[in-house]
Amino acid sequence: NNAIIDINIDNFILEFVDINLDSLDSRDTNKAILFRGTNDDNVIRNNMIHDKGGNPGGTGPFMIHVVGAGASSDTISILNNFIYNVVEGSNDNAAAMLLNEWSGTVNVYNNTIYNIQGQGGSKIAIGVRTSHVSGSTTNLKNNIVAGLVSSASNGERAFVEGIANGSSGTLNESHNVSDDTSATAYDAGGTGSLVDQTLTDIDFESSAVSSEAERDAVDLRIGEDSVCVGAGVDLGSTNGVNIDIAGTTRSGDWSIGAFHVAAASDTGNPAFLLFLN
């Protein structure tokens, strides 16, 4: 239950880091980023977290996890990240973000989550589990969750909301996307959200995950025909939320997800893609 990046400090930024867990499938490593205790003004932005398989110990793979952290006045922001290919191999849950124990404000903006797989008859796959602590606030906007796999009834959970430990938090959600793998009870909610989308609708550049070799070919940039183009909400510029995962400044109508494609109406010309080496 330690992480590659284990944070217990205020005023911390993690940005433009590739956390590739592919070589750790046979190890007990089960977390990429862990918030532990003292975490005010932490910003996790423009990172790639991906390719954890195997059977990592007793709790399954949880890529971003909060453990009893934060005071009611504390804030963390998780912005413009790709989280993908998180595949439990032996009877456990899997999750991209577990934020339910956070006590303060958490901003979850412009993230793209894909291919989260639990394994076992009662085990679930989670995109984002929001903070539920009394007095907490979760702001959840412009996120994509797609490609969930679970054998449990209603186990494919794009966005998990609700009550924990008898307490409740405030959830402000809008303009998120869940695909047709999500159980209806856990679809994206709020104004401007899109549900039951297919991979064709979302239009990732490449979502091939059927073999080990193909995992390297996954490319979660959206194409210009994506339903996510121009469907997001402008979130301003605080903490660099307007800088997408490729380093491009968002303008005009924002795309949903970590990668921004300008709508044709914003450019006056057909939209274009920025390709990285």
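The shown structure was predicted, so the numbers you read here are calculated from the model rather than taken from an experiment.

Peer 1: How should the overall build of the protein be read in this particular structure?
Peer 2: The secondary structure content of the protein amounts to three helices and 21 strands. Buried positions account for 54% of the 277 residues belonging to the protein. Summed over its atoms, the accessible surface of the protein is roughly 10800 Å², and 44% of this surface lies on carbon and sulfur atoms.

Peer 1: Would you explain the sheet that holds strand S19 (residues 194-197) in this entry?
Peer 2: Strand pairing in a sheet is mediated by backbone hydrogen bonds. Such pairs are either parallel or antiparallel. Taking strand neighbours across the sheet as the criterion, the seven strands line up as S3-S6-S9-S12-S15-S18-S19 in an open arrangement whose pairing is parallel. Strand pairing shows two members of the sheet lacking a second neighbour, strand S3 (18-20) and S19, which therefore form its edges. Neighbour to neighbour, the strand axes of the sheet diverge by 10 degrees on average, direction disregarded. Of the pairings in the sheet, the one linking strand S18 (residues 177-179) to S19 comprises two bridges and is parallel in character. Bridge pairing links Asp179 to Gln197 in S19.

Peer 1: Honestly, the sheet that holds strand S10 (residues 94-98) in this entry has me stumped. Any pointers?
Peer 2: In space, the six strands of this open sheet follow the order S1-S4-S7-S10-S13-S16, with parallel pairing throughout. Each having just a single partner strand, strand S1 (5-7) and strand S16 (156-160) make up the two edges of the open sheet. For this sheet the average axis-to-axis angle between neighbouring strands, irrespective of direction, equals 15 degrees. Of the pairings in the sheet, the one linking strand S4 (residues 31-36) to strand S7 (residues 62-67) comprises five bridges and is parallel in character. By the bridge assignment, Ile33 is partnered in S7 with Ile64.

Peer 1: So what exactly am I meant to see when it comes to the confidence of the model for the protein here?
Peer 2: Should pLDDT be low for a region, the predicted coordinates there are not to be read in detail. Of all residues in the protein, 90% have pLDDT values of 70 or greater, and the mean over the chain is 90. Long-range and interchain partners of residues 268-277, a stretch whose pLDDT sits below 50, account for 19 contacts in this model, where long-range means more than four residues apart.

Peer 1: I'm lost on the nonpolar core in this one. Help?
Peer 2: A general feature of soluble globular proteins is that nonpolar side chains tend to end up buried together. Grouped together as the largest cluster of nonpolar side chains are 35 residues, with contacts concentrated most on Ile33, Phe35, Ile64, Ile83, Met97 and Leu99. Contacts of Ile83, omitting those with residues within four sequence positions, involve Ile49, Met63, Ile64, Ala96, Met97, Thr112, Ile113 and Tyr114. Grouped together as the second largest cluster of nonpolar side chains are 20 residues, Tyr84, Phe204, Val229 and Ile245 included.

Peer 1: Got a minute to help me understand the pairing of S16 in this structure?
Peer 2: The side chains of a regular strand alternate between the sheet's two faces. Of all five residues that make up S16, five are buried, and the element is covered over most of its length. Sheet topology note: the strand S13 (residues 125-129)/S16 ladder contains four bridges and is parallel. Bridge assignment links Val128 to a residue of S16, and that residue is Phe159.

About the criteria used
- Every chain's residues receive numbers from 1 upward, in the order its sequence appears when written.
- Note on the predicted model: pLDDT of at least 70 is required for a residue's local features to be given, and 80 or more for side-chain atom pairs to be given and counted; whole-chain, interface and lining totals, by contrast, use all residues.
- The basis for every side-chain value is the complete set of heavy atoms in the structure, and neither hydrogens nor water enter the calculation.
- Each helix corresponds to a stretch of at least 4 residues labelled H or I by DSSP, and each strand to a stretch of at least 2 residues labelled E; elements are numbered beginning at the N terminus.
- Between buried and exposed lies partly exposed: a residue is buried under 20% and exposed over 50% of the maximum accessible area for its type, with that area taken using a 1.4 Å probe on protein chains only.
- Areas reported as accessible are Shrake-Rupley estimates using a 1.4 Å probe. Residue values count occlusion only from the protein chains shown.
- Paired strands are those between which DSSP finds at least two bridges.
- In this description, a line fitted to the C-alpha atoms serves as the axis of each element, helices being fitted only across the stretch in contact, and the angle between N-to-C directions of two axes falls anywhere from 0 to 180 degrees.
- One confidence number per residue, pLDDT, is output by the predictor and ranges from 0 to 100.
- Contacts between residues were defined by any pair of non-hydrogen atoms, one from each residue, lying within 4.5 Å.
- Here the nonpolar core consists of buried residues drawn from Ala, Val, Leu, Ile, Met, Phe, Trp, Tyr and Cys, with membership extended through side-chain atoms lying within 4.5 Å.

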